[in-house]
Amino acid sequence: GAVVSQHPSWVICKSGTSVKIECRSLDFQATTMFWYRQFPKQSLMLMATSNEGSKATYEQGVEKDKFLINHASLTLSTLTVTSAHPEDSSFYICSASGQGYSYEQYFGPGTRLTVT
Amino acid sequence: KNEVEQSPQNLTAQEGEFITINCSYSVGISALHWLQQHPGGGIVSLFMLSSGKKKHGRLIATINIQEKHSSLHITASHPRDSAVYICAVMRGGADGLTFGKGTHLIIQP
């Protein structure tokens, strides 16, 4: 089956710094990647949708200048949390879908971000 | 009101019991997903449905598009089935998912 990896699996950073999270599709070409966020004891929420080679589409309430998404190739999307604050501490998870995988999304293992 | 409602929120059962988790949604969808999330956070996609019924091993998922309702069943439940089960809907083919709050299932030996 289709495999999606994320790196790092967990990261601790200081307030004010930036953190980059990578999402890779290992064995298929992901035309669309999705970024989700999950706060403790809450459900997952869609942050943004990115299509290869074009600007990401952000959900209402998600600051595009704070959460920079780049989908430069069909196998890699990155999420950069800029000027991180403690309230950005969360579980970030990506999913990917591609040609031939109609409607199916394959999830990465997630990245747990803690901002101190 | 959330677009995706799940019930029950928590469920504890004995090993071997038949488990049913329900999901209702209030929007038009192109597909519905059932996901499993383990304590570490990782998510496994169990089923994607746009109509009818699917079966994989001891898991069965059904969907009624007219009633905007889906169920996930687990037969002969086992402690390793303990996890959070999440219902999620996709409005369009290229859309992200909207999630229910999840059902926390514990199967006791």
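Conventions we followed
- Residues numbered from 1 in each chain as written.
- Chains lettered and ligands numbered in written order.
- Predicted model: local features only at pLDDT ≥ 70, side-chain atom pairs only at ≥ 80, totals over all residues.
- Heavy atoms only, no water.
- Helix = DSSP H or I, 4+ residues; strand = E, 2+ residues; numbered from the N terminus.
- Rg over C-alpha atoms; globule rule 2.2 N^0.38 Å.
- Buried < 20%, exposed > 50% of the residue type's maximum accessible area, 1.4 Å probe, protein only.
- Contact = heavy atoms within 4.5 Å.
- Phe/Tyr/Trp six-rings, centres within 6.5 Å; stacked < 30°, edge-to-face > 60°.
- Buried area = accessible area lost by both parts, 1.4 Å probe.
- Core = buried A, V, L, I, M, F, W, Y, C linked by side-chain atoms within 4.5 Å.

Engineer: If you had to explain the overall build of chain B to someone new, which residues and values would you point to?
Structural biologist: A tally of regular secondary structure across chain B gives 0 helices and 11 strands. Going residue by residue from the N terminus, the α and β elements of chain B occur as β-β-β-β-β-β-β-β-β-β-β. On C-alpha atoms alone, chain B measures out to a radius of gyration of 13 Å, which is about the 13 Å that the 2.2 N^0.38 rule sets for 109 residues. Along the first, second and third principal axes, the C-alpha set of chain B runs to 40 × 25 × 25 Å. Per-residue burial for chain B yields a buried fraction of 46% across its 109 residues.

Engineer: Could you give an account of the environment of serine 9 of chain A, naming the residues involved and the relevant values?
Structural biologist: Residues and elements named next belong to chain A. Tracing the chain through its elements places serine 9 in the loop between strand S1 (4–7) and strand S2 (10–13). With 32 residues separating them along the chain, serine 9 and lysine 41 place their C-alpha atoms 19 Å apart. Among all residues touching serine 9, those that are not within four sequence positions of it are Gly110, Thr111 and Arg112.

Engineer: So what about the packing of aromatic side chains? Which residues, and what values?
Structural biologist: A complete count under the given rule lists 5 aromatic pairs over all chains for this structure. Look at tyrosine 36 of chain A and phenylalanine 99 of chain B: their rings are 5.1 Å apart centre to centre, the planes differ by 85°, and that puts the pair in the edge-to-face class. In this pair, tyrosine 36 of chain A is assigned in strand S4 (residues 30–38) and phenylalanine 99 of chain B in strand S10 (residues 97–99), connecting two distinct chains. For the pair formed by tyrosine 36 of chain A and phenylalanine 99 of chain B, the shared burial category is buried.

Engineer: Tell me about the interface of chain B and chain A, residues and numbers included.
Structural biologist: The partner chain A presents 17 residues to the 21 residues of chain B that form the contact. Summed over both sides, the interface of chain B with chain A buries roughly 1400 Å², with 63% coming from carbon and sulfur. Its largest share of buried area at the contact with chain A, chain B owes to Ile43, Met48 and Phe99 of chain B, together 33% of the area lost on that side. If you list the elements that add at least two residues to the side of chain B that touches chain A, you get strand S4 (31–37), strand S5 (43–49), strand S9 (83–90) and S10 of chain B. If one sorts the elements of the side of chain B that touches chain A by residue count, S4 of chain B sits on top with 4 residues.

Engineer: Go over the nonpolar core, please, and point to the residues and values.
Structural biologist: Core analysis: the biggest nonpolar cluster contains 25 residues, and Trp35, Met47, Phe67, Leu79, Tyr92 and Leu113 of chain A have the highest contact counts within it. Contributing elements (two or more residues each) for this core: S2, strand S3 (19–25), S4, strand S5 (45–51), strand S7 (67–73), strand S8 (76–81), strand S9 (90–98) and strand S11 (111–115) of chain A.

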